[in-house]
Amino acid sequence: MVVTAKPAPNVQRSSRLRAWKRSDTWAAWLFIAPSLLGLIIFYVVPFGRGLLISFSDWNLLTPAEPVGLANYSKLLADATFWRSLWITLSYVVINVTVQIGLSIGLAAFIARFTQSVWVRGLLILPYLLSNVVVALLWLWMLDPLLGVINEALMAIGIGRQAFLGSPQQAIATIAAINIWRHLGYSTLLIFAGMQVISKELYEAGAIDGAGEWHMFWKITLPLLRPVLVFVLVTGIIGSFQIFDTIAVTTQGGPANATRVIVWYIYEYAFVRFEMGYATTLAMALFLILLVVTAIQMRLLRAGESDL
Amino acid sequence: MILLLALIMLFPFWWALRTALSEPRSIFRDTTSLLPAEFTLNNFARVVGLVDSAQAVAMGGSGTSINFLLAMRNSLIVAVLSVTGQIFFSALAAYAFARIVFPGREKLFALFIAALMIPGIVTLIPNFLLIRELGWMNTFPGIVAPKLLMAPFAVFFFRQTFLSINRDIEDAAKIDGANHLRIFLRVILPMSVAAVTTLAILSFIGEWNDYLWPFLVGRNEDVRVLTVALGVFRSQTPQGAPDWGGLMAGAIVAMIPTLLLFLIAGRKAVDAIQFSGIK
């Protein structure tokens, strides 16, 4: 702060400000203390402890036994792990692509045709329900015998589907259920992103004779990139950790068709009580997410917008 | 198009309500009528604990008695405590990061951001072990502790908000001799009501809907939250013929608070969710 050439009252003012700042450090630490305590106890230490446990065999009853990297070599050779990773990945791809595709379309639609807060409120309703409630609603509607959706499919001549009871359809069904819950949320984020794009760009485009479709590709999508990156990254990270819906509906079945990675970790930790291998799996998931996020940020040049 | 959208978004709600208001035995006979099959309020009476288990079986339920009113009380305790604690302490830290210059500030803030990158399942197992070792299983402190002191996203979000507030007002307050706590409480917080509301709505929805953590550390009835109670209710109903009437009545009860919050907050809630991605 350079104030030497300023008149007297200001010098006095800034020196009081500076004196005030000297006593600041202790205040800052006091302000941060509660959060820092939470961060250390429930994030930093558990992360380190999880890493430590992953180098041991521990069933909670007998003392942990150090096994070095044994859990990690077991993981690399564990076909069930790779299969659950594959199932998770197929879920993530279906969930994220369909959801973002639909959201962009819907957001463009409501931005163009209606600014009504009612329509946006309607879209967001499912997001207010818990995964557990949403899973129960759809479990009932998709019931193979009594579910209203199968009745409707019968009525239009398609015939009954097993949905969650079928190894081929289960993952896609779970993706559909989660898309129903999250569609409004991602649509609203993208819609908000569209609102901050300057109207003048579209006016200029219109003067140059560009059609709406053309402007959508050349103006809307490129300028939407920061929001899309946010929705994509958080969507992928969230989808990789799908658990609640599966816990309520299929519990990993049928025939292990929905044994996603977090369900697999849950089984090892809280059904078999093999804490060592469970934390190893969790660390693997952490690494995978770290790599996936880094690749996305690089590919999408996250922070930059095209203008 | 909007009608189709409304149908897709609203039909599951209606179908849940329709089922909850139907006589359980009739659900099996009449699977398609849009109105309740044999209207009854018995399912609701069962899930809020108004009838005993023998009566519940007579009404066509499974006889599993789960008191959803108690579960709702527990959910409210957990959500309100978590949200208030988390918002206050996160905002306090965010103020220091946004407004006070001190050695190590950037490194410390980077640590908070790094915590954002850790997937829940990684810290879940060690946190479960910690709560178990503390003897806090099946207690409110056990359920609330990891959420009470902060949320990494909240610290990040509030710091962004505070950085965008004009400093002149604070400088004036400083010259009047106000200390940091006073500035935080009297200047910064009142100017950030919108941001606080936004985050309160978002984290209330999040905490209200949380399942895995309370399922692991709070399964006893006296601390069991709604999501866990619903999960237990679902797993205790016989596989062949789940108690759909009771399940849907429980689901409706579980929906009420967030839907109510949404109605009261109205436009603000929509804006809150809408702008959470832009900050």
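As the structure is a prediction and not an experimental result, all values here were calculated from the model.

A. View of the overall build of chain A. When its secondary structure is counted, chain A shows 14 helices and two strands. For chain A, whose C-alpha radius of gyration is 26 Å, the value lies well above the compact-globule estimate of 19 Å for 307 residues. Its C-alpha atoms give chain A principal-axis dimensions of roughly 85 × 70 × 30 Å. Within chain A, the fraction of its 307 residues that count as buried is 37%. When contacts within chain A are restricted to residue pairs at least 6 apart in sequence, long-range pairs at least 24 apart make up 70% of them.

B. Structural context of the overall build of chain B. Counting its secondary structure elements, chain B contains 16 helices and zero strands. Dimensions of chain B along its principal axes, counting C-alpha atoms only, are 75 × 50 × 30 Å. Counting the 279 residues in chain B, one finds 45% classified as buried. By sequence separation, contacts in chain B at least 24 residues apart represent 70% of the contacts at least 6 residues apart.

C. The arrangement of the packing of helix H4 (residues 79-113) of chain A against helix H11 (residues 225-240) of chain A in detail. Residues and elements named next belong to chain A. Orientation of H4 relative to H11, taken along the N-to-C sense of each, is 145°, at an axis distance of 9 Å. Crossing geometry of H4 relative to H11 is assigned as right-handed. Residues Thr88, Tyr91, Val92, Asn95, Val96, Gln99 and Ile100 of H4 form the contact with H11, whose own contacting residues are Val231, Leu232, Gly235, Ile236, Ser239 and Phe240. Class assignment of the residues belonging to the contact of H4 with H11 gives a composition of eight nonpolar, five polar and no charged.

D. Representation of the environment of Thr258(A) in the model. All names here are of chain A. Structurally, threonine 258 is set in the loop between helix H12 (244-248) and helix H13 (261-271). Exposure remark for threonine 258: the 25 C-beta atoms within 10 Å place this residue in the buried category. Distance in space between the C-alpha atoms of threonine 258 and glutamine 168 is 9.8 Å, their sequence separation being 90 residues. Threonine 258 has contacts with Ile87, Ala170, Ile171, Ile174, Ile246, Thr250, Gly252 and Gly253, leaving out every residue within four places of it along the chain.

E. Region of interest: the confidence of the model for chain A. The share of residues in chain A with pLDDT of 70 or more is 91%, and the mean pLDDT across the chain is 87. Overall, residues 1-8 of chain A carries pLDDT values under 50, and its contacts beyond four positions in sequence, including any with other chains, amount to five contacts.

F. Focus on the environment of Val93(A). Residue and element names in this part refer to chain A. Mapped onto the elements of the fold, valine 93 is located in helix H4. You can call valine 93 partly exposed: it has 13 C-beta atoms within 10 Å. In the structure, valine 93 is positioned 143 residues away from isoleucine 236 in sequence and 8.3 Å away in space, judged by C-alpha atoms.

G. Focus on the nonpolar core. Judged by nonpolar contacts, the single largest core of 153 residues is most densely connected at Val133(A), Leu136(A), Ile265(A), Leu281(A), Ala93(B) and Ala251(B). For this core, the element with the most residues is helix H5 (residues 68-99) of chain B, which contributes 14 residues. The residues touching Ala93(B), leaving out its near neighbours within four places in the chain, are Phe31(A), Ile32(A), Ser35(A), Met150(B) and Val155(B).

H. Molecular detail of unusual backbone geometry. All names here are of chain A. In this chain, glycine 253 is followed by proline 254 through a cis amide linkage whose omega measures -15°. Within the secondary structure, proline 254 sits in the loop between H12 and H13. Residues other than glycine seldom take positive phi values, yet glutamine 251 does so here, at roughly 50°. Here glutamine 251 shows up in the loop between H12 and H13. A positive phi angle, near 55°, is found at phenylalanine 273, a position not held by glycine. Note on placement: phenylalanine 273 falls in the loop between H13 and helix H14 (275-300). Classification of phenylalanine 273 as exposed rests on a count of 12 C-beta atoms within 10 Å.

I. Seen up close, the confidence of the model for chain B. Mean pLDDT for chain B: 86, with 91% of residues reaching 70 or above. ipTM for the predicted complex: 0.89, alongside a pTM of 0.89.

J. Representation of helix H9 (residues 199-207) of chain A within the structure. With zero of nine residues buried, H9(A) lies mostly on the surface of the structure. Positive backbone phi, at 85°, marks Gly209(A), one or two positions downstream of H9(A).

K. Just the environment of Ser103(A), in detail. Residue and element names in this part refer to chain A. Here serine 103 is to be found in helix H4. For serine 103, a count of 25 C-beta atoms within 10 Å translates into the label buried. For the pair serine 103 and isoleucine 156, spaced 53 residues apart in sequence, the C-alpha to C-alpha distance is 28 Å. Not counting residues up to four positions away in its chain, the partners in contact with serine 103 are Leu183, Ser186, Thr187 and Ile190.

Cut-offs used in this document
- Residues numbered from 1 in each chain as written.
- Chains lettered and ligands numbered in written order.
- Predicted model: local features only at pLDDT ≥ 70, side-chain atom pairs only at ≥ 80, totals over all residues.
- Helix = DSSP H or I, 4+ residues; strand = E, 2+ residues; numbered from the N terminus.
- Rg over C-alpha atoms; globule rule 2.2 N^0.38 Å.
- Buried ≥ 20, exposed ≤ 12 C-beta atoms within 10 Å, placed from the backbone.
- Contact = placed C-beta atoms within 7 Å.
- Axes fitted to C-alpha atoms, helices over the stretch in contact; angles between N-to-C directions.
- Left-handed = near helix turned anticlockwise from the far one by under 90°.
- Nonpolar A, V, L, I, M, F, W, Y, C, P; charged D, E, K, R; others polar.
- pLDDT = per-residue confidence, 0-100.
- Core = buried A, V, L, I, M, F, W, Y, C linked by C-beta atoms within 7 Å.

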